[in-house]
Amino acid sequence: MNKQVGGAGGDGTVGKALEVLDQVAAVERPVRFSELLGESPLPKATLYRLLQTLVSQGMLAYDVDQQTYTLGIRLVRLAHAAWRQSSIAPIARPFLTALSETAGETVHLAQLDSGQVLYVDKQNPSNAVDMFSQAGKVGPAYCTGVGKALMAFIDPGELDHVIRKQSFYAYTPATLASEGALRTELDTIRRDGVAFDREEHEPGIICIAAPILNSKGRPVGALSVTTSTQRKSLEELIEVRPALLEAASGIAAAVEDWQFPA
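Residues numbered from 1 in each chain as written. Predicted model: local features only at pLDDT ≥ 70, side-chain atom pairs only at ≥ 80, totals over all residues. Heavy atoms only, no water.

### So, the overall build of the chain
Here's step 1: For the chain, the helix and strand inventory stands at 10 helices and nine strands.
Here's step 2: When each of the 262 residues of the chain is scored for burial, the buried share is 43%.
Here's step 3: Across the chain, the fraction of contacts at a sequence separation of at least 24, relative to all contacts at a separation of at least 6, is 56%.
Here's step 4: For the chain, the exposed area adds up to about 13900 Å²; of that, 52% sits on carbon and sulfur atoms. (Helix = DSSP H or I, 4+ residues; strand = E, 2+ residues; numbered from the N terminus. Buried < 20%, exposed > 50% of the residue type's maximum accessible area, 1.4 Å probe, protein only. Contact = heavy atoms within 4.5 Å. Areas by Shrake-Rupley, 256 points an atom, 1.4 Å probe, with all protein chains shown as cover.)

So this is what it looks like as structure tokens:
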């Protein structure tokens, strides 16, 4: 068996191929070879060979007419399998649906991923508000309701690590753009059990969020009800707090005995 040498982090050919997949995915549209080459540290021949391999394995798709690459159907199937096996989303889905119907607003389910928020599911009402978040998207933790709800209840040592990963970019005038302001807010969230997004990430978008806590009081995810300031005020949104907390507790109970992959 040949041993692969080189590549980022010593991962060799596999690591390089994954980096190419990440590069194609990051463009979020069909991309030409010349564009990939312009941004890639790989030699032209290596990049071409990896792209050909990924296409042959169904991880990428190649449009001959347009001469562009997109993510392949095999990658989509793997993503769905990972979603089913390693996310609380399938278990939480009935609770999200019920909460969205009760609140008449969009409901998000999120988990922490490398210090950021990964949206793992989303349920919209029939008249949904257009917003950044979508299942599979990654967003900042420090200025989103779900992100703050998650950070407030993780271990102190982990919290320090997560805070170091925050950019503290001021998306809006309401963004908590410093570590001190964030830590003060997290203290309030621990006391109250819910977090708010007061137009901190997107102008006009507000939410109330709650952590989904396991039996040890640590978050396995977070749940939010999100709307726009044109539909509701923050005071009106607070009225869904009991339903939000009930849904979070229901999900926590449902996942308590579920064994996720390490």
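Now that the structure is up, let's keep going.
### Here we look at the packing of helix H5 (residues 89-103) against helix H10 (residues 241-255)
The geometry of a pair of packed helices is captured by two quantities: the angle between their axes and the separation between those axes.
Here's step 1: Look at H5 against H10: their axes get within 9 Å of each other, and the N-to-C directions meet at 170°. Here H10 runs roughly antiparallel to H5, going by the angle between their axes. Between H5 and H10, the contacting residues are Ile91, Ala92, Phe95, Leu96, Leu99 and Thr102 on the first element and Ala243, Leu244, Ala247, Gly250, Ile251, Ala254 and Val255 on the second.
Here's step 2: Classifying every residue of the contact of H5 with H10 gives 11 nonpolar, two polar and no charged. (Axes fitted to C-alpha atoms, helices over the stretch in contact; angles between N-to-C directions. Parallel < 35°, antiparallel > 145°, perpendicular 65-115°, else oblique. Nonpolar A, V, L, I, M, F, W, Y, C, P; charged D, E, K, R; others polar.)

### Some thoughts on the sheet that holds strand E1 (residues 31-32)
Here's step 1: The three strands lie next to each other as E1-E3-E2, forming an open sheet whose pairing is antiparallel. Only two strands of the sheet have a single neighbouring strand rather than two, namely E1 and strand E2 (60-63).
Here's step 2: Against the sheet, helix H1 (residues 12-27) engages E1, E2 and strand E3 (68-71), with an angle of about 95° to E3.
Here's step 3: Packing of helix H3 (residues 44-56) onto the sheet brings it into contact with E2 and E3, and relative to E2 it is tilted by some 105°. (Pairing = 2+ DSSP bridges.)

### Considering the nonpolar core
Here's step 1: Core analysis: the largest hydrophobic core is formed by 26 residues, its most contacted members being Leu109, Ile208, Ile212, Leu223, Val225 and Ile251.
Here's step 2: Counting only elements with at least two residues in this core, the list comes to H5, strand E4 (106-113), strand E8 (205-213), strand E9 (219-228) and H10. (Core = buried A, V, L, I, M, F, W, Y, C linked by side-chain atoms within 4.5 Å.)

### So, the pairing of E2
The side chains of a regular strand alternate, first on one face of the sheet and then on the other.
Here's step 1: Where E2 meets E3, four bridges bridge the pair, whose relative direction is antiparallel. Note on E3: the bridge partner recorded for Asp63 is Thr68.
Here's step 2: Linking E2 back to E3 in an antiparallel pair, the connection comprises four residues, with Gln67 at a positive phi of about 55°.

### Describing the sheet that holds strand E5 (residues 116-123)
Here's step 1: The strand order across the open sheet built from six strands is E6-E5-E4-E9-E8-E7, with neighbouring strands paired in antiparallel fashion. Among the strands making up the open sheet, the edge pair consists of strand E6 (138-139) and strand E7 (195-198).
Here's step 2: With nine bridges connecting them, E8 and E9 associate as antiparallel partners. Bridged to Leu213 within E9 is Pro219.
Here's step 3: Seen against the sheet, H10 touches E8 and E9 and runs at an angle of roughly 35° to E8.

### Focus on helix H7 (residues 156-164)
Here's step 1: Those residues of H7 that sit buried are Leu159, Val162 and Ile163. All buried residues of H7 lie within an arc of 100° about the axis, which places them on one face of the element. In H7, those exposed residues whose orientation departs by more than 90 degrees from the buried face are Gly157 and Arg164.
Here's step 2: Buried residues along H7 sit in contact with helix H6 (145-151) and helix H8 (179-192). (Arc of directions from axis to C-beta.)

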